[in-house]
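The primary structure of each chain is shown beneath.
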Amino acid sequence: MSIWDRYIQKHPTPDNSTGKIACDTYHKFREDSLLLQDIGVKQYRFSISWPRIMPEGRPDKINLEGVWYYHQLIDSLLSKGIQPLVTIYHWDLPLTLSDRGGWLNGEIVDWFGDYARFLFREYGGKVKFWTTVNEAYVHAKYGYCGEPLEHAPGGFKPNCEWTMYLAAHHLILAHSKAGNIYKKEFQPNQKGQIGMTIQAVWYEHEDKPADREAAARVFDFQFSWFAHPIYSKEGDYPLRMREQLSKLSHEEGRSASRLPSFTPQQIKEIRNSADFLSLNYYTSYVVTQDLPVNNTVQEWGKLTQWGRDIGAYISVNPHWKQIAGTWLRSHPKGLREILNFIRTNYDNIPVYITENGCMDEPSEGLKDVTRIQYVGDHLLAVHGAIAEDGCDVRGYVLWSFLDNFEWAFGYHDRFGLFHVEFKSPERTRTAKASVEWYKRVIAANGLSD
């Protein structure tokens, strides 16, 4: 059991679905490997489930069937010329560890280190690309604060003025622990690379000093919260973020900042813990210091704890294409801006884009022209960042290969190149129009139509 099993029991998804079987790649990985080979991908990103490997979260009890499954999956991919890019932790914390405090318990840094060391020892001879934690921002903010959405483990909203920052602090330290274990104990012989997967949102703004400052501050509270300690030359949390939370904490009558502190030794270790930056990008927003004229403020404007902490308003640009009536609006320029931010602020560290894509427009069925347009536009933005701006982008992994269990949204939002029939015991895969288009993109190594 993971925290998501318990969470879905207490908070059913809109379609009352669970992740117990999901796409059933556990049984269909050979078929899926053939589909990936047919598309022509050179790299496939998947995540290892901590509770599947260690049911109680610790290495003294190992589930050999789970261990063997990942060996088979990795071998199947490699036999078809596909490099596995493996994410160590993708939000499914073993329930036993959550009951001991989860990411609010500082001991979890060592627990994660033991788990990661087991994976490196077991699979490191075959896996050459590792990412430690997927989207720690989402996990800490929504899992340990719950505003405006709630994710597992949930239930921390009354205390989220500090819980999300403490969970994030331990997630960063856990990444550092795993990264340093790999680089010191395994990398010299295994010759692989390791990074952290960080989700980024770009924030556009009017050409006003107050709005420029607000947009920079909000970006610090979202992307740089996690990227700056790992990839900047000076390390530690961003200065604007530390100053803002120190000021607010003082005004609240607290004796210390709600943002935890790293020791000098931890700052040094975190800064040396990654070889590349794994980037997830979907959408952008607009930031203003004052309430926007059109009053299209998102739910988290200044109405949530994080919104009050950033001290600015976040709204949408109604001119950007909205996908399926959801939170996702297409703004490829935002991806290019983020890549250039990394180039100028983090010494042009190599970047792998590990998630980018959109959900189906329900009216399109299998003729998913909106996805083709979205992905094509974003690939053009990446091309501009590489060819014109000099950004060091090494790879692009589309989200996603299959429709899958989208956490609290269940199977409502479908991001896959392949449609999955979740009502069928076979979990039948059916190609959408984007499959043939993406095959041509890969074969040409560029946009040819």
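Everything in this summary refers to the structure shown in the same document. Bear in mind that the values here come from a model prediction, so they are computed numbers and not experimental data. Here the residue index of a chain counts from 1 through its sequence in written order. Only residues with pLDDT of at least 70 get local features here, since the model is predicted, and only at 80 or more are side-chain atom pairs given and counted; chain-wide, interface and lining totals rely on the full set of residues. Only heavy atoms go into the side-chain values, all of them from the structure, while hydrogens and water stay out.

## Overview of the overall build of the protein chain
Helix and strand counts for the protein chain come out as 15 helices and twelve strands. C-alpha atoms define the radius of gyration, and 2.2 Å times the number of residues to the power 0.38 defines the globule rule. In terms of C-alpha radius of gyration, the protein chain reaches 21 Å, essentially the compact-globule figure of 22 Å for 449 residues. Summarising its shape, the C-alpha atoms of the protein chain cover approximately 60 × 50 × 45 Å along the three principal directions. At a minimum sequence separation of 6, the contacts of the protein chain that also span at least 24 residues come to 73%. Total accessible area on the protein chain is roughly 18400 Å²; 51% of this is exposed by carbon and sulfur atoms. Seen as two clouds, the 50 positive and the 55 negative side-chain charges of the protein chain have centres 3 Å apart. Think of it this way: any DSSP run of H or I at least four residues long counts as a helix, any run of E at least two long counts as a strand, and we number them from the N terminus. For this analysis, residues touch if any pair of their heavy atoms sits within 4.5 Å. For accessible areas, the Shrake-Rupley method is used with a probe of radius 1.4 Å. Any residue's cover is judged against the shown protein chains and nothing else. His residues and chain termini do not enter the charge count, which takes Lys and Arg as positive and Asp and Glu as negative. Charge positions are represented by NZ for Lys, CZ for Arg, CG for Asp and CD for Glu.

## Digging into the state of the cysteines
When two cysteine sulfur atoms are found within 2.5 Å, that pair is recorded as a disulfide. Across all of its chains, the model carries one disulfide by this definition. The thiol sulfur of Cys358 is not disulfide-bonded, and the nearest other cysteine sulfur, from Cys23, lies at 17 Å.

## Let's talk about the packing of aromatic side chains
A pair of aromatic rings is counted whenever rings of Phe, Tyr or Trp (Trp by its six-membered ring) have centres within 6.5 Å, and the orientation is called stacked for planes under 30 degrees apart, edge-to-face for over 60 and tilted otherwise. Taken as a whole and assessed by the stated rule, the structure comprises 41 aromatic pairs. An angle of 80° between the planes, with centres 6.1 Å apart, marks the rings of Tyr282 and Trp327 as edge-to-face. One end of the pair, Tyr282, is in strand β5 (residues 276-288); the other, Trp327, is in the loop between β7 (321-322) and β8 (329-330), and 45 residues separate them in sequence. Residue burial is assigned from relative accessible area. The probe radius is 1.4 Å, only protein chains are included, and a residue is buried under 20% of its type maximum, exposed over 50%, and partly exposed in between. Here Trp327 falls in the partly exposed class, since its relative accessible area comes to 35%. Here the aromatic residues Tyr26, Phe29, Tyr44, Phe46, Tyr69, Tyr70, Tyr123, Phe401 and Phe418 are joined through ring pairs into a cluster of three or more. One cation-aromatic arrangement involves Lys141 over Trp306; the distance from NZ or CZ to the ring centre is 4.3 Å. Look at NZ for Lys and CZ for Arg. If either is within 6 Å of the ring centre and within 35 degrees of the ring normal, a charge sits over the ring.

## Re helix α9 (residues 209-231)
Between its first and last C-alpha, α9 extends only 27 Å over 23 residues, short of the 33 Å set by a 1.5 Å rise per residue. Bend, in this description, refers to the angle at a residue between axes fitted to the seven residues ending there and the seven starting there. Maximum bend of α9: about 70°, positioned at Ser224. With 18 of its 23 residues buried, α9 lies for the most part within the structure. One fewer than the residue count of a helix, multiplied by 1.5 Å, yields its expected span.

## Quick look at a nonpolar patch on the surface
Patch membership requires more than 30% relative accessible area and the absence of a salt bridge. Residues of like charge join within 9 Å; the nonpolar side chains Val, Leu, Ile, Met, Phe, Trp and Tyr join within 5 Å. By definition here, a salt bridge exists when the distance from a side-chain nitrogen of Lys or Arg to a carboxyl oxygen of Asp or Glu is within 4 Å. There is a patch of nonpolar side chains on the surface, built from Leu149, Trp327 and Phe409 and spanning about 240 Å² of accessible area. Structurally, Phe409 can be placed in the loop between β10 (393-396) and β11 (418-420). Looking at Phe409, the relative accessible area reads 31%, which means it is partly exposed.

## Focus: the nonpolar core
For this analysis, a nonpolar core means a set of buried residues of the types Ala, Val, Leu, Ile, Met, Phe, Trp, Tyr and Cys, connected via side-chain atoms within 4.5 Å. Of all hydrophobic cores here, the largest spans 142 residues; its most connected members are Trp103, Phe223, Leu279 and Trp306. Among the elements that take part in this core, helix α8 (residues 160-190) stands out by supplying 13 residues, more than any other. Contacts of Phe223, omitting those with residues within four sequence positions, involve Ile198, Gln199, Ala200, Leu277, Leu279, Phe341, Ile342 and Tyr346.

## As for the pairing of strand β2 (residues 83-89)
Residues in a regular strand point their side chains to alternate faces of the sheet. Counting buried positions along β2 gives six out of seven residues, so the element sits mostly inside the fold. Here the rule is simple: two strands pair whenever DSSP picks up at least two bridges between them. Of the strand pairs in this sheet, β2 and strand β3 (residues 129-134) are connected by four bridges, and their pairing is parallel. If you follow Thr87 over to β3, its bridge partner there is Thr131.

## A look at the pairing of strand β1 (residues 43-47)
Most of β1 sits out of view: four of its five residues are buried. Bridge analysis of β1 against β2 gives five bridges, and the strand direction is parallel. Of the residues in β2, the one forming a bridge with Phe46 is Val86.

## Here's the deal with the packing of helix α4 (residues 64-78) against helix α6 (residues 108-123)
Contact geometry for α4 and α6: axes closest at 11 Å, N-to-C directions at 50°. Classified by the angle their axes make, α4 and α6 are oblique. Where α4 crosses over α6, the two elements pack in a sense that is right-handed. Contact residues: α4 offers Gly66, Val67, Tyr70, His71 and Ile74, while α6 offers Phe118, Glu122 and Tyr123. Residue polarity is assigned by list, with Asp, Glu, Lys and Arg as charged and Ala, Val, Leu, Ile, Met, Phe, Trp, Tyr, Cys and Pro as nonpolar; anything else, Gly included, falls into the polar class. When its residues are assigned to classes, the contact of α4 with α6 shows five nonpolar, two polar and one charged. Lines fitted to C-alpha atoms define the axes, with helix axes restricted to the stretch in contact, and inter-axis angles between N-to-C directions lie between 0 and 180 degrees. These descriptions rest on fixed angle ranges, namely under 35 degrees for roughly parallel, over 145 for roughly antiparallel, 65 to 115 for roughly perpendicular, and the rest for oblique. In this scheme, a crossing is called left-handed if the near helix is turned counterclockwise away from the far one by less than a right angle; it is called right-handed if the turn is clockwise.

## Some remarks on the side chain of Asn180
By the element assignment, Asn180 lies in helix α8. Looking at Asn180, the relative accessible area reads 11%, which means it is buried. As used in this structure description, the phrase polar contact means that two N or O atoms lie within 3.5 Å; if the pair is within protein, one of them must be able to donate a hydrogen and the other to accept it, and residues adjacent in sequence are counted only when both atoms belong to side chains. Of note is the side chain of Asn180, whose polar atom sits 3.1 Å from the backbone oxygen of Glu269. Residues within four places of Asn180 in sequence aside, it is in contact with Glu185, Glu269, Asn272 and Ser273.

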